[in-house]
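# Descriptive structure summary
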Amino acid sequence: MQPFRRHTGLVAPLDRVNVDTDQMIPKQFCKLLTREGYGRFLFYDWRYLPGEKPNPEFELNQPRYQGASILLTRANFGCGSSREHAPWGVADYGFRVLIAPSFADIFYNNCFKNGLLPITLPDEQVDELFRRTYAHEGYRLTVDLEQQTIADEQGLVLTFEIDPFRKYCLLNGLDDIGLTLQHEDKIRAFEEKHPVTPVQYDEVDMWSPERAAD
Amino acid sequence: MSGHRPRTMFEKIWDQHLVVETDTQCLLYIDLHLVHEVTSPQAFENLRLSGRRVRRPELTFATMDHNVPTDNPFDVRDPIARTQIQTLADNCRTFGIELADLESPDQGIVHIIGPELGLTLPGKTIVCGDSHTSTHGAFGALAFGIGTSEVEHVLATQCLWQTRPKTLKVEITGTRRPGVTAKDVILGLIARYGVGFGTGYVMEYAGEVVRGMTMEERMTLCNMSIEAGARAGLVAPDETTFEYLRGRRFAPKGADFERCVAEWRAIVSDEGAVYDKMVVFDVTDLEPQVTWGTNPGMSVNVSGTVPDPASFDNPVQRRAAEQALAYMGLEPGTKITEIPVQHVFIGSCTNARIEDLRQAARVVRGRRVAPGVRALVVPGSKRVKEQAEREGLRDIFVAAGFEWREPGCSMCLAMNPDFVPPGERCASTSNRNFEGRQGRGARTHLVSPMMAAAAAIAGHFIDVRELLRDDDTERGAEHGTAHSA
């Protein structure tokens, strides 16, 4: 995974609340077997008119937001389906940072697995960032994960909270399976005192001798 | 001593599965990993690339549901869908995972077959690459949806890193009126508190209304916990739970079962356990619900009207309501019962269990689907389908003009050939009315199975209680109220 330390980029606004993952990547694009190439499909139904012509009404299609890498949006971003195709699409489109008053749980977790930094800020600060984004064409932010700060070029500096473990993984681009397997001894010890019945057809028959009596 | 502090059911299950705990993160052990074709291929592929194996294939169970055509499951005409289904079969063979494939009598929607086969048991931790995994919480299992990277993580380690969620007790009180189902209760709850009110929480449903619910109803309730943003929903296991599980294929048998029942009784929340948040929801005045917008919180009583966006104080919510009405093609003030439907879908992991089909069939019996309405019944699993056929429900639906389909996710998410065309309306027993969910431009109204059946008959939304009253007048007290016992 690509590490995330510090990022400066153009901000694009998506002024909608409760944006769901069906909207990010509609189901017809969830049938692929790969993790790559979903950027083209991001926000498909909003972004394109029939025939895949860009919809000029859609915020992200405006020329001033081309090349944006920071998405500014509203509460409960990423609600609905657990599909990781959504953050794959967001990252492949070119976003590295998402800023919103809140994120849905599963989507939030999925972001960290894909080098995306979702930042939660209070409503008033998000409102202020929306105002500045609309007011200044080419509005850019610098996000420093190490310092946990967001700064613009006019002197605004905001701080944000992030779980230290997630921060550590993102800063170092760590694959957490490798990290988990460092706890192999603990997992094994747990398994020894925590038996679970197998869910396999032949096993279930072997495992329950009384079954014939039922 | 901390051991004597009263704990919630969530805390007990969580603590029982802790492998490692750091300041903010917990490594949780996973007892059951359910897998389907859509969110797993990239996980298996990465395992292969990194030379890893599945740590506990015997705690992993797979089926095919999302992509499966429900007219003929063996005729998958979409080549990409066919590849995805075949890939799951190949992966299960390679990694030694049990698979209920299209030929299996156990195949069906993953959240329907888990409970039906007794894979789902109280006190287990259960994950699946699907947000509606919250369904299994109806049994007192801690069950939640995960992304594909986490699917890979669980395959490789049988564990998952999680931040400890907060606890939210939802006490459901009052008396449900006839015709008010678990679906109406959960839609009403989300309408009251909003689609984000559960974010960061595990919700435990309690109160006399929940205690009186069947397992099917509890599953409907827990299924839509995710629509309130909650990581999981929980219902304390009780006699209803144990009766449901007794004799199920993978449930313990004989003396083992009785021993487990004793353990399961001990996982319920202690008297005096403290929750981070509590709400009380009285359902006495609740009517059957119909959604009017593009998220599950946008619902009203069937006797109500489409709200005016101007009535929302918050500008962000107001704009969301305006966008929703524009998408749905609805005017403020329109009576819900004046909204026509062209499609009716009875199915999905929310409402495709035997009891859902019985309730819908009760409304449909002796009636006809209105002209111009296309109505589908898609049983949730092969077993539900067979049982419904044995009970004569199929004949009731078919005689009324419904299509009777093979099990699968079908029109809930339209990843398969079942979808709603642009601009047309569907009364749907599924869980999401998002833009485009049932097809690009499709307009979804979420309702209970009885309300969907009633809409199919009338050709527009109608208070199902009117039909039930007519039945009661005609048939006397033979069928009692709309609740099943």
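Residues numbered from 1 in each chain as written. Chains lettered and ligands numbered in written order. Predicted model: local features only at pLDDT ≥ 70, side-chain atom pairs only at ≥ 80, totals over all residues. Heavy atoms only, no water.

Right, let's talk about the overall build of chain A for a bit. Along the backbone of chain A there are 9 helices and 9 strands. Here chain A has a C-alpha radius of gyration of 22 Å; the compact-globule value for 214 residues is 17 Å, and the former is much larger. For chain A, the spread of C-alpha atoms along the principal axes amounts to about 75 × 45 × 30 Å. For chain A, the proportion of its 214 residues judged to be buried stands at 60%. Within chain A, counting contacts between residues at least 6 apart in sequence, those at least 24 apart form 66% of the total. Working note: accessible area of chain A is about 9,100 Å², and carbon and sulfur atoms make up 50% of it. Taken together, the 23 basic and 33 acidic charged side chains of chain A have centroids lying 6 Å from each other. (Helix = DSSP H or I, 4+ residues; strand = E, 2+ residues; numbered from the N terminus. Rg over C-alpha atoms; globule rule 2.2 N^0.38 Å. Buried < 20%, exposed > 50% of the residue type's maximum accessible area, 1.4 Å probe, protein only. Contact = heavy atoms within 4.5 Å. Areas by Shrake-Rupley, 256 points an atom, 1.4 Å probe, with all protein chains shown as cover. Lys, Arg positive; Asp, Glu negative; His and termini not counted. Charge placed at Lys NZ, Arg CZ, Asp CG, Glu CD.)

Further remarks concern unusual backbone geometry. With a phi angle near 55 degrees, Phe-43 of chain A is a residue other than glycine that sits in the positive phi range. Its place among the elements puts Phe-43 of chain A in the loop between α1 (21-24) and α2 (44-47). For Ser-348 of chain B, which is not glycine, the phi torsion reads 85 degrees and is therefore positive. Along the chain, Ser-348 of chain B falls in the loop between β15 (343-346) and α12 (354-364).

Residues Phe-43 and Phe-77 of chain A together with Phe-402 of chain B are the most contacted members of the largest nonpolar core, which totals 116 residues. The residues touching Phe-43 of chain A, leaving out its near neighbours within four places in the chain, are Leu-14, Val-19, Gln-23, Met-24, Phe-58, Leu-60, Leu-71 and Phe-77 of chain A. With 42 residues, the next largest nonpolar core counts Leu-221, Cys-222, Ala-228 and Val-283 of chain B among its residues. (Core = buried A, V, L, I, M, F, W, Y, C linked by side-chain atoms within 4.5 Å.)

Time to look at the packing of helix α2 (residues 41-49) of chain B against helix α5 (residues 148-157) of chain B. Residues and elements named next belong to chain B. Axis separation between α2 and α5 bottoms out at 8 Å; the angle between their running directions is 50 degrees. One way to sum up the angle between α2 and α5 is to call them oblique. Crossing handedness for the pair α2 and α5: right-handed. Contacts between α2 and α5 involve Gln-42, Ala-43, Phe-44, Asn-46 and Leu-47 from the first element and Thr-148, Val-151, Glu-152, Leu-155 and Ala-156 from the second. Among the residues forming the contact of α2 with α5, the class breakdown is 6 nonpolar, 3 polar and 1 charged. (Axes fitted to C-alpha atoms, helices over the stretch in contact; angles between N-to-C directions. Parallel < 35°, antiparallel > 145°, perpendicular 65-115°, else oblique. Left-handed = near helix turned anticlockwise from the far one by under 90°. Nonpolar A, V, L, I, M, F, W, Y, C, P; charged D, E, K, R; others polar.)

On to the state of the cysteines. Summed over the entire model, instances satisfying the criterion amount to 0 disulfides over all chains. With no disulfide of its own, Cys-222 of chain B has Cys-349 of chain B as its nearest cysteine by sulfur position, at a separation of 12 Å. (Disulfide = S-S within 2.5 Å.)

We now examine the pairing of strand β8 (residues 149-152) of chain A. Residues and elements named next belong to chain A. Side chains of β8 alternate between two faces, with Ile-150 and Asp-152 buried and Thr-149 and Ala-151 left unburied. Pairing of strand β7 (residues 140-144) with β8 involves 4 bridges; the strand directions are antiparallel. Residue pairing for β8: Thr-142 is matched across the bridge by Ala-151. As consecutive antiparallel partners, β7 and β8 are separated by 4 residues, and within that stretch Gln-148 has a phi angle of approximately 60 degrees, a positive value. Where β8 meets strand β9 (residues 157-159), 3 bridges bridge the pair, whose relative direction is antiparallel. Note on β9: the bridge partner recorded for Ile-150 is Leu-158. (Pairing = 2+ DSSP bridges.)

We now examine the pairing of strand β10 (residues 201-206) of chain B. Residue and element names in this part refer to chain B. Of all the 6 residues making up β10, 6 are buried; the element is thus mostly covered by neighbouring parts of the structure. Side chains Tyr-201, Met-203 and Tyr-205 of β10 all project onto a buried face; the interleaved residues Val-202, Glu-204 and Ala-206 project onto the opposite face, where all are buried too. Examined bridge by bridge, strand β9 (residues 166-173) and β10 share 6 bridges and lie parallel to one another. Residue pairing across strands places Lys-166 opposite Tyr-201, the latter belonging to β10. In this region the chain leaves β9, passes through helix α6 (residues 182-193) and returns to the parallel neighbour β10; the handedness of that crossover is right-handed. Inspection of the sheet shows β10 paired to strand β11 (residues 232-235) by 4 bridges, in the parallel sense. Residue pairing across strands places Tyr-205 opposite Val-235, the latter belonging to β11. (Right-handed = clockwise from strand over helix to strand, strands pointing away.)

Inspection of the entire model under this criterion finds 53 salt bridges over all chains. For Arg-367 of chain B, the salt bridge goes to Asp-471 of chain B, with nearest N and O atoms at 2.8 Å. Of the two residues, Arg-367 of chain B is situated in the loop between α12 and β16 (374-377) and Asp-471 of chain B in helix α16 (residues 464-475); the sequence distance between them amounts to 104 residues. Look at Arg-367 of chain B and you get buried, because its relative accessible area is 18%. The partner of Arg-465 of chain B in a salt bridge is Asp-463 of chain B, with the nearest N and O atoms 2.7 Å apart. Residue Asp-463 of chain B is classed as buried on the basis of its relative accessible area of 11%. Shared partners join several salt bridges into a network, and the residues in it are Glu-184, Arg-188 and Glu-191 of chain A together with Arg-55, Arg-56 and Glu-58 of chain B. (Salt bridge = Lys/Arg side-chain N within 4 Å of Asp/Glu carboxyl O.)

A separate point is the interface of chain B and chain A. Many descriptions give the size of an interface as the accessible area lost when the pieces come together. Taken residue by residue, the interface counts 85 residues in chain B and 68 residues in chain A. Approximately 6,400 Å² of surface area, both sides summed, lies buried where chain B meets chain A, with 55% of it carried by carbon and sulfur atoms. Run the count over chain B and chain A and you get 8 salt bridges. Here Arg-440 of chain B ties to Asp-45 of chain A by a salt bridge, and the two come within 3.4 Å at their closest N and O atoms. (Buried area = accessible area lost by both parts, 1.4 Å probe.)

Moving on, we get to helix α10 (residues 254-266) of chain B. Residues and elements named next belong to chain B. Compared with the 18 Å implied by 1.5 Å per residue over 13 residues, the 19 Å span of α10 between its first and last C-alpha is a close match. Considered for burial, the residues of α10 that qualify are Asp-256, Phe-257, Cys-260, Val-261 and Trp-264. Burial along α10 is one-sided: seen end-on, the buried residues are contained in an arc of 140 degrees. (Expected span 1.5 Å × (residues − 1). Arc of directions from axis to C-beta.)

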